[in-house]
Structure formats: C-alpha cells, structure tokens
Amino acid sequence: MGLDIRTPIGLMFGIFGLLLTGYGVATSGSPLYQRSLGHNINLEWGIVLLVFGGVMLWLGRRSWSARR
C-alpha cells in the first residue's frame, strides 16, 4: 500500500491555497479589505497554504523515493 499521509494533506492544502490565492488576486483593491487595515488577508493566507502544501508534498515524495 505505502500511501504517505503527507501526500493527500499536501494536495488538500495546495488546492485550498490555490483557491484562496485566486480569490485574493481577484478581489485585490476591493473595499472589503478596509476592515483588515488594508491587508489582503486572502492573498497572504493563500500563499501560506500553498507553501505548506508544497512542503508536505515534497516531504511525501522524499519519503517515497527513500523507500525504493
């Protein structure tokens, strides 16, 4: 079997990060961000989720190649 849990977690966070980053880019400059002191929170956290998902995928791939 050998499915590492980091692979599906990385995919899930990567997809969520992609969606949130896309929404942040699409709504850039919107008055929606006045409540958060002008910070585009969706874009910032989307990037954080993308990085985390990428790290999890990388760790999952690394352990898969080490087992072979």
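Residues numbered from 1 in each chain as written. Predicted model: local features only at pLDDT ≥ 70, side-chain atom pairs only at ≥ 80, totals over all residues. Heavy atoms only, no water.

## What about the packing of aromatic side chains?
Taken as a whole and judged by the stated rule, the model has one aromatic pair. Residues F13 and F52 carry aromatic rings whose centres are separated by 4.9 Å and whose planes lie at 85 degrees to one another, so their mutual orientation is edge-to-face. With F13 in helix α1 (residues 6–26) and F52 in helix α2 (residues 41–67), the pair connects residues that are 39 residues apart, well separated along the chain. (Phe/Tyr/Trp six-rings, centres within 6.5 Å; stacked < 30°, edge-to-face > 60°. Helix = DSSP H or I, 4+ residues; strand = E, 2+ residues; numbered from the N terminus.)

## Considering a nonpolar patch on the surface
A cluster of nonpolar residues, M12, I15, F16 and L19, forms a patch on the protein surface that exposes about 410 Å² of accessible area. Note that F16 resides in helix α1. For F16, a relative accessible area of 47% puts it in the partly exposed group. (Patch = residues over 30% accessible without salt bridge, like charges linked within 9 Å, V, L, I, M, F, W, Y side chains within 5 Å. Areas by Shrake-Rupley, 256 points an atom, 1.4 Å probe, with all protein chains shown as cover. Salt bridge = Lys/Arg side-chain N within 4 Å of Asp/Glu carboxyl O. Buried < 20%, exposed > 50% of the residue type's maximum accessible area, 1.4 Å probe, protein only.)

## So, the environment of G17
Topologically, G17 is positioned in helix α1. Residues G17 and F52 lie 35 residues apart in sequence; the distance between their C-alpha atoms is 8.8 Å.

## Quick notes on α1
Between the first and last C-alpha of α1 there are 30 Å, a value that for 21 residues agrees with the 30 Å anticipated at 1.5 Å per step. Listing the buried residues of α1 in full gives G10, G14, G17, T21 and G24. The buried side chains of α1 occupy one side of the element, clustering within an arc of 95 degrees when seen end-on. Away from its buried face, by an angle of more than 90 degrees, α1 presents the exposed residues I15, L19 and A26. (Expected span 1.5 Å × (residues − 1). Arc of directions from axis to C-beta.)

Everything listed here is a matter of geometry and, on its own, says nothing about what the molecule does.
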